[in-house]
Amino acid sequence: MRWDGQRVGSADEQALPGLPGLVRSVRTPEFAGMVFHEVLAKSVLNRVPGDSPMPFQWTVNPYRGCSHACSYCLHGDTPILMADGSTKPISALRVGDRVYGTQRRGSYRHYVPTEVRDHWSTVKPAYRVTLEDGTTLIAGGDHRFLTERGWKHVTGTVAGPGRRPHLTAGNKLMGTGRFAAPPKDTADYRRGYLCGIARGDGGPPPAAEIHARVAEYLTGDLAQSLPVPWPHAPTDEWRKGLLAGVFDTDGTFANRIVRFRNLGAKAAAAVVETLAHFGFQHAVEERRVPEGRCCVRVDGGLAEHLRLFHTIGPAVSAKRTIDDAAIKSAARLGVVEIQALGIDLPLFDITTGTGDFIADGVVSHNCFARKTHTYLDLDAGHDFDSQIVVKVNAAEVLAKQLRAPRWTCEHVAMGTNTDPYQRAEGRYALMPGIIRALADSGTPFSILTKGTVLSRDLPLLAAVSSDIPVGVGVSIALLDRELQRGLEPGTASPQARLELVRRIIDAGLPCAVFVAPVLPGLTDTREQLDALLAEIAATGATGVTVLPLHLRPGAKEWFAKWLTRDHPALVPLYRRIYGTRSTADIAYRRALGARVGPLLRAHGFAGRDPVEPSWPRGSLPTQAETPLVQEQLTLL
């Protein structure tokens, strides 16, 4: 659920900006370095987005880690490309706004509309990135821009713990380059626009946006009177208004070509003079049209077309969209300098549906909800800001939602985002109420965890399993305790999790084990996997699924730092296997599958589902399906 969807009536809502619904923030000695933000949730039953590859439709997450993972990025004045072709400062964006992101198709990324899903700000050390074309971007050091060679952070080092891909002089960014400033809403601009609309060469088409703008310009503080005379000495703002009016009436943007069509002699002369005045490349196309009219074409490609639209500000948004246009590196987008400003500034960031957005003409990576915490289950004291959000009323809210007539008792998966049995559950004990609410409504559910706190609730889980299907999964990635301490600090030991599996089986419940994530060069040898599977088989586990490491944005950066610090010799191997992807390459996945198959058969897991039938079909992949879905599942 989104924080802005939470409500509370009597709490100090200013205690933590951005978190209305906060009851209190708590620090306790037994959780050194953590802060628990207790909130009253409006909803805890969450539908998985329709485009998600997850094999289930509903989740319940009583806990949330820090709301956002990485440092915040851009200065508030940075113009963002909106889905209607206009721009808006990033500080002025709101959740639900439509902007442009990108989507890879073949060898190129293409501009596609996407939605702003989150928007926030903070104060962080600021850096200035200067490009050849004069573009300057003020950003945090952790922010990433798309270069010819992939995503790169603003700052980084070439060796040591801070090593990561980062911008250096000469790197070339992807995009069109600096956006032009929009026109000012002055009396001259309005007069120019009205002259362009009613220039004597034709009438305006029935476009609602044109009529709305004309009505606005004829009323209010800067109201104009008709007829509007053409000036003897036009100003720059008048020229911009004129081009906008002419473009709205007779302009087109088809097949990536901008044209001012159907122009009489007076209008054509004014358009040509104005384009030349602002430095736009253009050509007059002689057309065989009535009354000697002509067409003026604007050249220069997408960069110049965007500069034109932003400079003149036409009203008809449909004529300035750039959907599906390919994104290339512009000749003058080379990095000239990255300079630390030496001060902390208010910086803003957004989350979009595509995972990126266009900031002042360059492709910019957005920040997601914390992945290093939610997917790698890191101890909050070792993460970026050590914040845990606790939905203290989760059981009561869930019970109410499950009583709704529209609820059809579909399967609910828990532990697919945040672990419901993380250490905080030992303090807050939210899961017993959640389990009872699900059971009372007849809703089947499954739980995936690394936390041994689940053993507390085994009697309850066993009791409700006689009435509804209940599935349990435990994640065990490795046996090496020292490696586990470095990779998963704050989680139960492998031996403790193996004992948890035994207890679950002894309680009469099915229990699948997820050997995940398998780490190339660290936990993927035949001997290591054989030893782990032997231990799992000894617990009586009802199934095993093996999944290689999946590095989502956010988790990838954290893991890269850990790998560089603790296992630098493996960095080339991971670069080869993962590159810029989140998933391991197909060659590695096939090799791992060939290695794992005989071991699964040897330990009695061949041909089984990862769970018994009491875990509803479709909630998790079958063993036979595992090689096909290992790149899709992001459970861990």
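Procedures and definitions
- Residues numbered from 1 in each chain as written.
- Predicted model: local features only at pLDDT ≥ 70, side-chain atom pairs only at ≥ 80, totals over all residues.
- Heavy atoms only, no water.
- Pairing = 2+ DSSP bridges.
- Helix = DSSP H or I, 4+ residues; strand = E, 2+ residues; numbered from the N terminus.
- Axes fitted to C-alpha atoms, helices over the stretch in contact; angles between N-to-C directions.
- Contact = heavy atoms within 4.5 Å.
- Phe/Tyr/Trp six-rings, centres within 6.5 Å; stacked < 30°, edge-to-face > 60°.
- Buried < 20%, exposed > 50% of the residue type's maximum accessible area, 1.4 Å probe, protein only.
- Lys NZ or Arg CZ within 6 Å of the ring centre and 35° of its normal.

Asker: Got a minute to help me understand the sheet that holds strand E27 (residues 511–518) in this structure?
Answerer: As a general point, the strands of a sheet are linked pairwise by backbone hydrogen bonds and lie either parallel or antiparallel. One open sheet holds the 7 strands; their spatial order is E3-E4-E24-E25-E26-E27-E28, and the pairing between them is mixed. Two strands bound the open sheet, and with one partner strand each, they are strand E3 (45–47) and strand E28 (543–548). Pairwise comparison of adjacent strand axes, ignoring direction, gives a mean angle of 25° for this sheet. Judged from the 5 bridges that link them, strand E25 (residues 445–449) and strand E26 (residues 470–475) form a sheet pairing that is parallel. Bridge pairing in E26 places Phe445 opposite Val470. Of the strands in this sheet, strand E4 (58–60), strand E24 (412–414) and E25 are in contact with helix H9 (residues 431–440), which crosses E24 at around 165°. Of the strands in this sheet, E27 and E28 are in contact with helix H16 (residues 586–602), which crosses E28 at around 160°.

Asker: Sorry if this is basic, but what is going on with the packing of aromatic side chains here?
Answerer: Geometrically, a pair of aromatic rings is defined through the distance of the ring centres and the angle of the planes. Taken as a whole and assessed by the stated rule, the structure comprises 10 aromatic pairs. With centroids separated by 6.2 Å and ring planes inclined at 80°, the aromatic side chains of Tyr100 and Tyr111 adopt a geometry described as edge-to-face. Here Tyr111 lies in strand E10 (residues 108–131) and Tyr100 lies in strand E9 (residues 98–105), a separation of 11 residues in the sequence. No difference in accessibility class separates Tyr100 from Tyr111, as the two residues are buried. A ring pair is formed by Trp230 and Trp238, whose centres lie 5.5 Å apart and whose planes are at 65°; its orientation type is edge-to-face. According to the relative accessible area criterion, Trp230 is partly exposed, its value standing at 24%. For Trp238, a relative accessible area of 6% translates into the label buried. Following the ring pairs from residue to residue traces out a cluster consisting of Phe247, Phe253, Phe260 and Phe309. Geometry around Tyr193 places Arg213 over its ring, the cationic atom sitting 4.9 Å from the centre. Lying over the aromatic face of Phe280, Arg307 brings its terminal NZ or CZ to 3.8 Å of the ring centre.

Asker: Please explain unusual backbone geometry as it appears in this structure.
Answerer: Peptide bonds are, in most cases, trans, and in most cases residues other than glycine have a negative phi. With omega at -5°, the peptide bond leading from Leu226 into Pro227 counts as cis. By secondary structure assignment, the location of Pro227 is in the loop between helix H2 (208–217) and helix H3 (236–250). The omega angle of the peptide bond from Ala516 to Pro517 is -5°, so this bond is cis rather than trans. Examined against the element boundaries, Pro517 turns out to sit in strand E27. Here the phi dihedral of Asp324 falls at roughly 75°; this positive angle occurs in a residue that is not glycine. Position of Asp324 among the secondary structure elements: in the loop between helix H5 (301–312) and strand E19 (326–327). Positive phi is not limited to glycine here, since Ala429 has a value of about 50°. Tracing the backbone through its elements, the reader meets Ala429 in the loop between helix H8 (425–428) and H9. Note on Ala429: relative accessible area 40%, which makes it partly exposed.

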